[in-house]
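Overview (structure and organization)
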Amino acid sequence: MTRADDENDGQATERVVIRDRRKIDVKGKDTTVTKEAEESKETKAGAHRAAEEPEDEVTPTPGLGAELQALRTELEERTRDLQRVTAEYANYRKRVDRDRSTAAEQTTGTVLTALLPVLDDIDRAREHGDLVGPFASVAESLGAVVGKLGLVAFGEKGDPFDPTRHEAVAHLTSADVTEPTCVEVMRRGYTLGERLLRPALVAVADPA
């Protein structure tokens, strides 16, 4: 073996030594753990504890049932009040409509009553044959208007006598009738709806 071989063999067998010059903190035990790792461990530990801890149960608030009952009672009272007010308003509307209708009928009756003497003149002219020409057209138009307003004439010869609708100005006896009967009409009567505006003036014949 040559000298060169001996030198190479010595270099091959020489030990390799690695020296770590980092300072070791004995108190901290392990300085290789980074701050990020510590935070990760704390996060995992917190999540593990949260998973192990049971969820808080919802505890009923004391007095909640009584409060709900009070609210329900108040709601029922308000509902009854609303129903009562609604019924009162409906009755009020009906009363107002009825009063308005009555007032309108009274006003119409007042106007028609003022026209009755004119209608009497027209009737007399018709009986005497004077209702001709333009006067006849006016009379027909007036009769149509008062008819639309609800004015109805009554009182004809031969009608049974009705003391609530007829005013007897003469009485006589007759064998031709079996009950008190209107034998002559001096003036016709008029009604407006169910309201009597004026009774008819008649002569009445009683059975003999």
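Bear in mind the structure is a predicted one, so any value in this text is a computation, not a measurement. (Residues numbered from 1 in each chain as written. Predicted model: local features only at pLDDT ≥ 70, side-chain atom pairs only at ≥ 80, totals over all residues. Heavy atoms only, no water.)

**Some remarks on the overall build of the chain**
The condition is simple: Helix and strand assignments follow DSSP, with helices taken as H or I runs no shorter than four residues and strands as E runs no shorter than two, numbered in order from the N terminus. Burial classes: relative accessible area under 20% of the type maximum marks a residue as buried, over 50% as exposed, and values in between as partly exposed (1.4 Å probe, protein chains only). Two residues qualify as a contact provided that any one of their heavy atoms is within 4.5 Å of a heavy atom in the partner residue. Only the protein chains shown count as cover for residues, and the accessible areas themselves come from Shrake-Rupley with a 1.4 Å probe.
Looking only at helices and strands, the chain has four helices and six strands in total. For the chain, the α and β elements follow one another from N to C terminus as α-α-α-α-β-β-β-β-β-β. Taken over 208 residues, the chain has a buried fraction of 15%. Within the chain, residue pairs in contact and separated by at least 24 positions form 66% of the contacts whose partners lie at least 6 positions apart. When the accessible surface of the chain is totalled, it reaches about 17,000 Å², and 54% of it is carbon and sulfur.

**Re the nonpolar core**
Short version of the rule: To form a nonpolar core, buried Ala, Val, Leu, Ile, Met, Phe, Trp, Tyr and Cys residues must be joined to one another through side-chain atoms within 4.5 Å.
Leu112, Leu116, Leu119, Ile122, Leu131, Ala136, Ala139, Val146, Leu151, Tyr190, Leu192 and Leu197 form the largest nonpolar core, which has twelve residues in total. Within the residue set of this core, elements represented by two or more residues are α3 (64-127), α4 (133-148) and β4 (189-192). Formed by five residues, the second largest nonpolar core is a distinct cluster that contains Phe154, Ala200, Val202 and Val204.

**Regarding the packing of aromatic side chains**
Where we set the bar: Aromatic rings from Phe, Tyr and Trp, taking only the six-membered ring of Trp, are treated as a pair when their centres fall within 6.5 Å; an angle between ring planes under 30 degrees marks them as stacked, one over 60 as edge-to-face, and anything in between as tilted. Charge-over-ring contacts are defined here by two conditions on Lys NZ or Arg CZ: a distance within 6 Å of the ring centre and an angle within 35 degrees of the ring normal.
Counted under the stated rule, the structure contains one aromatic pair. Sitting above the plane of the Phe154 ring, Arg165 keeps its charged end 4.0 Å from the centroid.

**What about the sheet that holds strand β6 (residues 200-207)?**
What counts here: Criterion used throughout: strands pair if DSSP finds at least two bridges between them. Here the axes come from fitting lines to C-alpha atoms, over the contacting stretch only for helices, and the angles between their N-to-C directions go from 0 to 180 degrees.
Across the sheet, which stays open at both edges, the three strands sit in the order β2-β6-β3 with mixed pairing between neighbours. With partners counted over all chains shown, the strands left at the sheet margins are β2 (166-174) and β3 (181-187), one partner each. Neighbouring strand axes in the sheet, compared pairwise and without regard to direction, differ in orientation by 25° on average. Bridge analysis of β3 against β6 gives five bridges, and the strand direction is antiparallel. Along β6, the bridge assignment pairs Cys182 with Val204.

**Focus: a nonpolar patch on the surface**
For clarity, the threshold we go by: Residues forming no salt bridge and having over 30% relative accessible area are the ones grouped into patches, like charges within 9 Å of each other and nonpolar side chains (Val, Leu, Ile, Met, Phe, Trp, Tyr) within 5 Å. Criterion for a salt bridge: a side-chain nitrogen of Lys or Arg within 4 Å of a carboxyl oxygen of Asp or Glu.
Where nonpolar side chains cluster on the molecular surface, the patch consists of Leu64, Leu68 and Leu71 and spans about 270 Å² of accessible area. Residue position: Leu68 is located in helix α3. In this structure Leu68 comes out as partly exposed when scored by relative accessible area, which is 44%.

**Comments concerning the sheet that holds strand β5 (residues 195-198)**
In sheet architecture, strand pairing relies on hydrogen bonds along the backbone and comes in two forms, parallel and antiparallel. Here three strands make up an open sheet; going across it, the order is β1-β4-β5 and the pairing antiparallel. Looking at which strands have only one partner, the edges of the open sheet turn out to be β1 (151-154) and β5. For this sheet, the mean angle separating the axes of adjacent strands, direction not counted, is 35°. Of the strand pairs in this sheet, β4 and β5 are connected by three bridges, and their pairing is antiparallel. Across the sheet, the residue bridging to Leu192 is Arg195, located in β5.

**Section: the environment of Phe161**
Relative to the helices and strands, Phe161 is located in the loop between β1 and β2. Taking the C-alpha atoms as reference points, Phe161 and Ala205, separated by 44 residues in sequence, lie 8.9 Å from one another. Once residues lying within four places of it in the same chain are set aside, the contact partners of Phe161 are His166, Ala168, Pro180, Thr181, Cys182, Val202 and Val204.

**Details of the layout of surface pockets**
As a reminder of what qualifies: Each cavity reported here is a set of points on a 1 Å grid over the protein atoms alone in which a 1.4 Å probe fits but cannot get out, each pocket an open set with protein on both sides within 12 Å along at least five of seven lines, and each lining residue one with an atom within 4 Å of a point. Grid points are joined across faces, edges and corners, and a volume is the space filled by probe spheres set on the points.
Reported here for the largest pocket is a volume of approximately 210 Å³. If you go around the largest pocket, the residues you meet are Asp120, Asp123, Arg124, Arg126, Glu127, Val185, Met186, Arg187 and Arg188. At the level of secondary structure, the elements contributing two or more residues to the lining of the largest pocket comprise α3 and β3. Sorting elements by how many residues they give to the lining of the largest pocket places α3 first, with five residues. Of the voids in this model, the second largest pocket is the one considered here, and its volume is about 170 Å³. What lines the second largest pocket is a set of 14 residues, and nearest its centre among them are Leu119, Arg126, Gly143, Val146 and Arg188.

**What about the pattern of salt bridges?**
Per the counting criterion, the structure on display carries seven salt bridges. Of the charged contacts, one joins Arg84 and Asp81 as a salt bridge, the two residues approaching to 2.6 Å between their closest N and O atoms. Within this pair, Arg84 and its partner Asp81 are both found in helix α3, separated by three residues, close to a single helical turn. Owing to a relative accessible area of 28%, Asp81 belongs among the partly exposed residues under this scheme. Across the pair Arg188 and Asp123 runs a salt bridge whose closest N-O atoms are separated by 3.2 Å.

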